[in-house]
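Observations on chain architecture
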Amino acid sequence: MADCAGEIDRVARWLCEAKSVVVLTGAGVSAESGLATFRDPSEHGDALWSKYDPMELATIGAFERDPELVTRWYHWRFTKCAEVEPNPGHHALGELERWLTQRRSPEAFTLVTQNIDGLHQRGGSRRVVELHGTIHTWRCTKTGRERPLADVSFDRFPVASGHGGMMRPCVVWFGEALPEEALALTDAALERCDLFLSVGTSSTVQPAASLVEVARQRGAKTVEINRDATPITDHVDAALPGVSGEILPALVRRTKELAGTPPIADT
Ligand code: BJW
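Now for a description of the structure that goes with this document. (Residues numbered from 1 in each chain as written. Predicted model: local features only at pLDDT ≥ 70, side-chain atom pairs only at ≥ 80, totals over all residues. Heavy atoms only, no water.)

**Here's the deal with the overall build of the protein chain**
Note the cut-off: Numbering of helices and strands runs from the N terminus; a helix is a DSSP stretch of H or I covering at least four residues, while a strand is a stretch of E covering at least two. Should any heavy atoms of two residues lie within 4.5 Å, those residues are counted as being in contact. Each accessible area is a Shrake-Rupley estimate made with a 1.4 Å probe; only the visible protein chains count as cover when residues are assessed. Only four residue types enter the tally: Lys and Arg on the positive side, Asp and Glu on the negative side; His and the chain ends are excluded. Charge coordinates come from a single atom per side chain, which is NZ of Lys, CZ of Arg, CG of Asp or CD of Glu.
On a plain count of helices and strands, the protein chain comes out with eleven helices and nine strands. Judged by the C-alpha coordinates and their principal axes, the protein chain covers about 60 × 35 × 35 Å. Of the contacts formed within the protein chain by residues at least 6 apart in sequence, a portion of 69% connects residues at least 24 apart. Carbon and sulfur atoms make up 51% of the accessible area of the protein chain, which amounts to about 12800 Å² in all. The protein chain carries 29 positive and 37 negative side-chain charges, and their two centres are separated by 4 Å.

**Here we look at the side chain of Thr134**
How we decide: The definition of a polar contact used here is a pair of N or O atoms within 3.5 Å, where within protein one atom must be able to donate a hydrogen and the other to accept one, and adjacent residues in sequence count solely through side-chain atom pairs.
Within the secondary structure layout, Thr134 lies in strand β4 (residues 133-140). Side-chain polar atoms of Thr134 contact the backbone nitrogen of His136, separated by 2.9 Å. If we skip the residues at most four places from it in the chain, Thr134 touches Ile116, Cys170 and Val171.

**Here's the deal with the packing of helix α1 (residues 5-17) against helix α11 (residues 244-259)**
When two helices pack together, their arrangement is given by the angle between the helix axes and the distance between those axes. For the record, the criterion: The angle between two axes is taken between their N-to-C directions and runs from 0 to 180 degrees, where each axis is a line fitted to C-alpha atoms and a helix contributes only its stretch in contact. Working rule for angles: under 35 degrees goes down as roughly parallel, over 145 as roughly antiparallel, 65 to 115 as roughly perpendicular, anything else as oblique. If you view the pair so one helix is near and one far, a crossing is left-handed when the near helix is turned anticlockwise from the far one by less than a right angle, and right-handed when it is turned clockwise. Each residue is assigned to one class: nonpolar for Ala, Val, Leu, Ile, Met, Phe, Trp, Tyr, Cys and Pro, charged for Asp, Glu, Lys and Arg, and polar for all the others, Gly among them.
In contact at an axis separation of 8 Å, α1 and α11 are set at 60° when each is read in the N-to-C sense. In terms of their interaxial angle, α1 and α11 are classed as oblique. Considering only the axes of α1 and α11, their crossing is right-handed. The segment α1 lies against α11, with Ile8, Asp9, Val11, Ala12, Arg13, Leu15 and Cys16 engaging Ala250, Leu251, Arg254, Thr255, Leu258 and Ala259. Its residues assigned to classes, the contact of α1 with α11 shows nine nonpolar, one polar and three charged.

**A closer look at the site of the ligand**
Basically, it comes down to this: A single heavy atom is enough: if one lies within 4 Å of a molecule or strand, its residue is considered near that molecule or strand.
Surveying the vicinity of the ligand reveals 37 residues, the closest of which are Arg39, Tyr74, Ser202, Gln206 and Asp228. The separation between an oxygen atom of the ligand and a polar main-chain atom of Gln114 is 3.1 Å. Between Val172 and the ligand, the recorded distance is 2.8 Å, taken from a backbone N or O atom to a nitrogen atom. Taking 1500 Å² as the accessible area of the ligand by itself, protein coverage stands at 74%.

**Thoughts on helix α7 (residues 88-103)**
Put simply, the test is: Helices are assigned an expected span. That span is 1.5 Å times one less than the residue count. Under the scheme applied here, a residue whose accessible area is under 20% of the maximum for its type counts as buried, over 50% as exposed, and between as partly exposed, the area being computed with a 1.4 Å probe on protein chains only.
The end-to-end C-alpha separation of α7 is 22 Å, in line with the 22 Å expected for 16 residues at 1.5 Å each. Inspection of α7 places Gly89, His90, Ala92, Leu93, Gly94, Leu96, Glu97, Arg98, Trp99 and Leu100 among the buried residues, and these make up the whole buried set. On its buried face, α7 is in contact with α1, β1 (21-25), α2 (28-31), β2 (109-113), α8 (119-122) and α11. The N-terminus of α7 is capped by Asn87, whose side-chain oxygen sits 2.7 Å from the backbone nitrogen of Gly89.

**Looking at the packing of α7 against α11**
Relative to each other, α7 and α11 sit at 25°, their axes nearing to 7 Å. With respect to α11, the element α7 is oriented roughly parallel. Taken as a pair, α7 and α11 cross one another with a handedness that is left-handed. Together, Pro88, Gly89, Ala92, Leu93, Glu95, Leu96, Trp99 and Arg103 of α7 and Ser244, Gly245, Leu248, Pro249, Val252, Thr255, Lys256 and Ala259 of α11 make up the contact between the two elements. Class assignment of the residues belonging to the contact of α7 with α11 gives a composition of nine nonpolar, four polar and three charged.

**With respect to the sheet that holds β4**
The following threshold applies: Pairing between strands is defined by DSSP: at least two bridges between them are needed.
What the three strands build is an open sheet, ordered β5-β4-β6; its pairing is antiparallel. A strand with exactly one partner marks an edge of an open sheet, and here the two such strands are β5 (146-148) and β6 (167-171). Within this sheet the neighbouring strands show an average axis-to-axis angle of 45°, counted without direction. Examined bridge by bridge, β4 and β5 share three bridges and lie antiparallel to one another. Considered in β5, the bridge of Trp138 is made with Arg147. Sitting on the sheet, helix α6 (residues 67-83) is in contact with β4 and β6, with an inclination near 140° to β4.

Set out below in structure tokens:
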């Protein structure tokens, strides 16, 4: 990370000057909490699941073919979510939201995430746009009625809804439309945004992968924070290579130093 201290400084200056910031996050942000990403070999692989390709489980076709397998996979995923804690990257984004919104206005910061794990909220982020839904709400395939995870009983797989359907997670699978409200909030945030940060996403899944280009076309500076190079690395105004659990806290710390304000105490 020492290698990118100069770039952190540059981006910190942009954060001090920005009127409205959008941060897009992906699975890499939760990797340091212990949740596996999609397109990495998992360091935390469970033998049961190592024989399946996650990409082949995140589709409506997979659920229709084998609802038991897909339900078990999401059941396993949410038990993992419950076992882990937000990491310093999540906390830094919560802190950045508090700092920017107190300094400017509630509209000065929007966190748009592709993650379904709820770790941003647990890490202190208040306004989170969940582009790919959430694993913490499930719905009946027949009626569409939603239930919090706590009200779904997983004693049998797949889970019968009691209304002639099955319960499925309220997440967005390939080929499904993203939630309209999340898309509208994202578009409004991009309209006013003058600084866009893409963090821990491979930038391969649409439409999220195109948001950086939309922001750029609307005049925003663009930044990527990622452990590895991605299709957008050569096209952003600044690329900060490294893990988000280190880069984000360093960036927020430096931004506050440059702005000359003391850190806001955690609430
Ligand atoms: C670190 C790190 C550390 C690791 N620090 N970094 C246009 C062109 C081509 C195709 C399409 C198109 N438009 C739509 C499509 C089809 C499709 C698509 O994009 N396909 C591509 C694969 C080609 N898109 C869709 O189908 C979308 N729907 C749609 O567009 O519908 C249209 C429609 C309209 C109206 C009616 C009907 C339909 C839906 C996409 C849904 C994606 N769903 C999933 C599953 C969600 C539930 C779940 O979690 O199980 O979302 S797939 C999966 O990928 C998940 C993720 O949110 C998403 C993105 O992954 P992400 O977050 O980028 O993770 P990784 O693993 O890919 O990358 C991690 C990164 O972190 C890596 O870069 C690492 O290096 C890095 N990293 N550790 C920093 N510590």
